[in-house]
Amino acid sequence: METGKRPAPRLLTGNEAVAHAAIDAGARFFAGYPITPSSEIAETLSVLLPKAGGVFIQMEDEIAAMSAVIGAAIAGAKALTATSGPGFSLKQEAIGFACVTEVPCVIVNVMRGGPSTGLPTLPAQGDVMQARWGTHGDHPAVAVCPERVSEAYDLTLKAFDYSERLRTPVILLMDEVVGHVTEKAVLVPPDSATLPDLRKPVSPPEEYRPYRYSGQVPPPLVPFGQGYRYHVTGLLHDETGFPSNDTGNADRQVRWLMDKVERNRRLVTDFEAVDVEDAEVLLFAYGACARTAKAAMHMARSQGRKVGLFRPRTIWPFPYEELALAARNARVVVPVEMNLGQLSYEVSLAVCGKVPVKPLFKVGGEAVAPDELLTFIEGV
Amino acid sequence: MRAVPYESYLRTRRIPHIWCPGCGHGIVLKAMVRAIDQLGWKKDEIAMVSGIGCSGRAPGYVDFNTLHTTHGRAIAFATGLKLANPSLKVIVVTGDGDGIAIGGNHMIHAARRNLDLNVVLFNNFIYGMTGGQVSPTTPLGCSATTAPFGNYEHPFNIAELVAAAGGNFVARGTVYQPVELEKLLLKAFEKKGFSFVEAMSPCPTAYGRRNKLKGPVAMMVDLKERSVPLARAKNLAEPELEGKIVTGVLLDRDKEEYTEIYRKLTARLGGA
């Protein structure tokens, strides 16, 4: 695409936007397994990837799909998978493997309501906490959450960028509304010339330490086959990559993994704060709920009520300080979620009891309607 | 025997290995290294992938691109690795628990796809690393820590299962016949498409001492006595083959390989 020229708007769904963004981000590998409401991502990539010289493979199960994605990433590909709640549960062990082996990859989870098979075709935000603590052991988490189709595109690009820079799996959390809604979107692809090659070795093979527990970000993960012949294992390992039972080393490694994301909060923190300065009622919403919140806020403002919105685009790491700042003048904070309060715990942590938190939750598979939220706001 | 510069293939600093005295896994790994040396493969182009269990530790000891994955998923990781870089020679090392219990689904589907992977399954009839629990290849009636009154499940015939699932090459050997095992591995590695070698390997620690095979020598004698070359097995009736280990090449064909088919597709779509 020529620089400086704005692309024409397109009409497409969030799931399709994710697939196009993956291609534009340079992803050339997708492994997946059919699951509602994410399947259109796989279907779209089954068209786009072979044409782009990339690989599309439908695996035998969700675990295999996640595993193949990690294998492809170790071979040097930017790689992704897409799933929904039950599949996300199955992928968790492999996601932990990607965390500890510091392999970049992107997992798209078009959420549904659970537990178990739950409500496959209806909107929900059931996996917000699973995205944080789904796999066992202390581990880092980065998760982003779009509210509309054009943002599904933008945040997919960012997910790949964060993943490559931090060498960690990044989760794109969508809900069924954003995944399936068809709306106008302007997709602005990144300038491929400016995409950094974060796999390029910066040291000769004999000096290469794939797991160096120092620095702002990890050293590049050099693709297999380029003369670096190192070892990758899910066992805790030393900086060479070989297993280590040394307890001091284990302590350093796990802290490094967690600190890696904390240290790079500035890179990954991303939120929108609308009319928060004078807001007496601060809404907190993400994904489709943020659309509702914006509509309700507009109605409330036209009635003279001072309502604002804080909307994280990056959910994990959670923007505690930014939310606290946005809530400092509020009388009440109202989290709106399509679950029974998964992020509301974090909202309470952020405001530290200084502002009352009065949430609106919905789990029946229906999105929150603006007038429903407006009525709720009038009551708080 | 042909001289092989083993030390150039081994990560000598990672040795001693974790395998018990009398374990057959080192013999399988040696046969693999010998076959690789004979093929003249370069270390940089080889990726060795494993799962969890005693077999899973093999890649750590050899100087290739090595990947020790989660339990049962080595073939799935290897699938991504191979598809993203088809020029890699990908060897998967697995065991009877890792490869055919928790990883059984990946095994049959990789065979079906006929992707150019070289899978070597170390079959020691038991979960060794976790202390001797019953596996899908523990023979009927044999003892295990989770089958204290004798195994009441029928075992898999793994090689036949994989041959039925697809793939281009299936063979079975034992560590009692290391020269033959090396030849089978050589053929498997040379073969384009999915190839599979089942290598019978004794586990004196977790299996033998619970099953009247008191020590490595007794286990080697048992492997010798139970092995029947395929040519001879063809003349034996089914009851005579009960409890026997049929060795040799069980399947050898040339179905079109996965990456070749995919490469043609991308070329047709102008994506190559």
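Residues numbered from 1 in each chain as written. Chains lettered and ligands numbered in written order. Predicted model: local features only at pLDDT ≥ 70, side-chain atom pairs only at ≥ 80, totals over all residues. Heavy atoms only, no water.

Chemist: Looking at this structure, I do not really get the overall build of chain B. What am I missing?
Modeler: Counting secondary structure elements, chain B contains 10 helices and 10 strands. On C-alpha atoms alone, chain B measures out to a radius of gyration of 18 Å, which is about the 19 Å that the 2.2 N^0.38 rule sets for 272 residues. Dimensions of chain B, computed from the C-alpha atoms along their principal axes, are close to 60 × 45 × 35 Å. Looking at the 272 residues of chain B, the share that counts as buried comes to 56%. Summed over its atoms, the accessible surface of chain B is roughly 11,300 Å², and 56% of this surface lies on carbon and sulfur atoms. (Helix = DSSP H or I, 4+ residues; strand = E, 2+ residues; numbered from the N terminus. Rg over C-alpha atoms; globule rule 2.2 N^0.38 Å. Buried < 20%, exposed > 50% of the residue type's maximum accessible area, 1.4 Å probe, protein only. Areas by Shrake-Rupley, 256 points an atom, 1.4 Å probe, with all protein chains shown as cover.)

Chemist: What exactly am I supposed to notice about the domain arrangement of chain A here?
Modeler: Interfaces are often described in size by the accessible area the parts lose on coming together. Residues and elements named next belong to chain A. In terms of domains, chain A is made up of domain 1 (1-268) and domain 2 (270-379). Computed over C-alpha atoms only, the centres of domain 1 and domain 2 are separated by 28 Å. At the interface, 33 residues of domain 1 touch 30 residues of domain 2. For the pairing of domain 1 and domain 2, the buried interface totals around 2,300 Å² over both sides, and the portion due to carbon and sulfur atoms is 52%. (Domains from an automatic or database assignment. Contact = heavy atoms within 4.5 Å. Buried area = accessible area lost by both parts, 1.4 Å probe.)

Chemist: Help me understand the pairing of strand S4 (residues 78-83) of chain A in this model?
Modeler: On a regular strand, one side chain projects to one face of the sheet and the next to the other, so that they alternate. All names here are of chain A. In terms of burial, S4 is a largely internal element, six of the six residues being buried. Neither face of S4 is left uncovered, since the one carrying Lys 78, Leu 80 and Ala 82 and the one carrying Ala 79, Thr 81 and Thr 83 both have all their residues buried. Direction of pairing for strand S2 (residues 27-32) relative to S4: parallel, over a ladder of three bridges. Paired with Phe 30 across the strands is Leu 80, a residue of S4. As judged from the four bridges shared by S4 and strand S5 (residues 105-111), these two strands associate in the parallel manner. Of the residues in S5, the one forming a bridge with Thr 83 is Asn 109. (Pairing = 2+ DSSP bridges.)

Chemist: Would you explain the layout of surface pockets in this entry?
Modeler: Where empty space is left can be seen by rolling a probe of water-molecule size over the atoms. Residues and elements named next belong to chain B. The space that makes up the largest pocket amounts to roughly 680 Å³. Along the walls of the largest pocket sit 23 residues, with Pro 155, Asn 157, Leu 241, Gly 243 and Lys 244 positioned nearest its centre. The biggest single contributor to the lining of the largest pocket is strand S10 (residues 245-252), with three residues. Split into classes, the residues belonging to the lining of the largest pocket amount to 12 nonpolar, four polar and seven charged. (1 Å grid on protein atoms, 1.4 Å probe; cavity = no way out; pocket = protein on both sides within 12 Å on 5 of 7 lines; lining within 4 Å. Points joined across faces, edges and corners; volume = space filled by probe spheres on them. Nonpolar A, V, L, I, M, F, W, Y, C, P; charged D, E, K, R; others polar.)

Chemist: What should I look at first to understand the interface of chain A and chain B in this one?
Modeler: Chain A puts 37 residues into the contact, and the matching count from chain B is 38 residues. The largest share of the area that chain A buries against chain B comes from Glu60(A), Phe224(A) and Arg229(A), three residues that together contribute 23% of it. Between chain A and chain B we count three salt bridges in total. Note that Arg113(B) and Glu60(A) form a salt bridge whose closest N and O atoms lie 2.7 Å from each other. On the surface where chain A and chain B come into contact, there are 17 residue pairs in polar contact (both at pLDDT 80 or more). For the side of chain A that touches chain B, the secondary structure elements donating two or more residues are helix H2 (39-51), strand S3 (55-58), helix H3 (62-74), helix H4 (85-101) and strand S9 (231-233) of chain A. It is H3(A) that contributes the most residues to the side of chain A that touches chain B, eight residues altogether. When its residues are assigned to classes, the side of chain A that touches chain B shows 22 nonpolar, 10 polar and five charged. For S9(A) and strand S2 (residues 65-68) of chain B, the ladder comprises three bridges, and the chain directions are parallel. (Salt bridge = Lys/Arg side-chain N within 4 Å of Asp/Glu carboxyl O. Polar contact = N/O pair within 3.5 Å; in protein donor to acceptor, adjacent residues only side chain to side chain.)

Chemist: Which parts of the structure should I look at to understand helix H6 (residues 158-165) of chain B?
Modeler: Because the α-helix completes a turn every 3.6 residues, residues three or four places apart line up on one side. Residues and elements named next belong to chain B. Looking at H6, one finds that the buried residues are Ile 158, Ala 159 and Val 162. Along the axis of H6, the buried positions cluster into a sector of 95°, meaning they face one direction only. Turned more than 90 degrees off the buried face of H6, the exposed positions are Glu 160 and Ala 164. In the segment just after H6, Gly 166 is the residue with positive phi, at about 140°. (Arc of directions from axis to C-beta.)

Chemist: Got a minute to help me understand the packing of helix H2 (residues 25-39) of chain B against helix H7 (residues 178-190) of chain B in this structure?
Modeler: Working note: a packed helix pair is described by the angle between its axes plus the distance between those axes. Residues and elements named next belong to chain B. The interhelical angle for the contact between H2 and H7, taken along N-to-C directions, is 50°, at an axis separation of 8 Å. As judged from the angle between their axes, H2 and H7 are oblique. You can see that H2 and H7 cross each other, and the crossing is right-handed. Residues Ile 27, Val 28, Ala 31, Met 32, Arg 34, Ala 35, Ile 36, Gln 38 and Leu 39 of H2 form the contact with H7, whose own contacting residues are Pro 178, Leu 181, Glu 182, Leu 185, Leu 186, Phe 189 and Glu 190. Partitioning the contact of H2 with H7 into residue classes produces 12 nonpolar, one polar and three charged. (Axes fitted to C-alpha atoms, helices over the stretch in contact; angles between N-to-C directions. Parallel < 35°, antiparallel > 145°, perpendicular 65-115°, else oblique. Left-handed = near helix turned anticlockwise from the far one by under 90°.)

Chemist: Any chance you could explain empty space enclosed by the protein here in plain terms?
Modeler: Residue and element names in this part refer to chain A. By the definition in use, this model includes three cavities of 30 Å³ or more. By volume, the largest cavity is sized at about 70 Å³. Together, 15 residues line the largest cavity, and Ile 95, Ala 131, His 139, Pro 140 and Ile 171 are the ones closest to its centre. Listing elements by their share of the lining of the largest cavity, those giving two or more residues are H4, helix H5 (128-133) and strand S7 (169-175). By residue number, the principal contributor to the lining of the largest cavity is H4, which donates four residues.

Chemist: What's the story with the packing of helix H1 (residues 14-24) of chain A against helix H6 (residues 149-166) of chain A in this structure? I'm lost.
Modeler: Residues and elements named next belong to chain A. One way to put it is that H1 packs onto H6 with a least axis distance of 8 Å and a crossing angle of 35°. Crossing geometry of H1 relative to H6 is assigned as right-handed. Taking contact as the criterion, the partners of Gly 14, Ala 17, Val 18, His 20, Ala 21, Ala 22 and Asp 24 in H1 are, on H6, Val 149, Ala 152, Tyr 153, Thr 156, Leu 157 and Phe 160. Residues of the contact of H1 with H6, tallied by class, amount to nine nonpolar, three polar and one charged.

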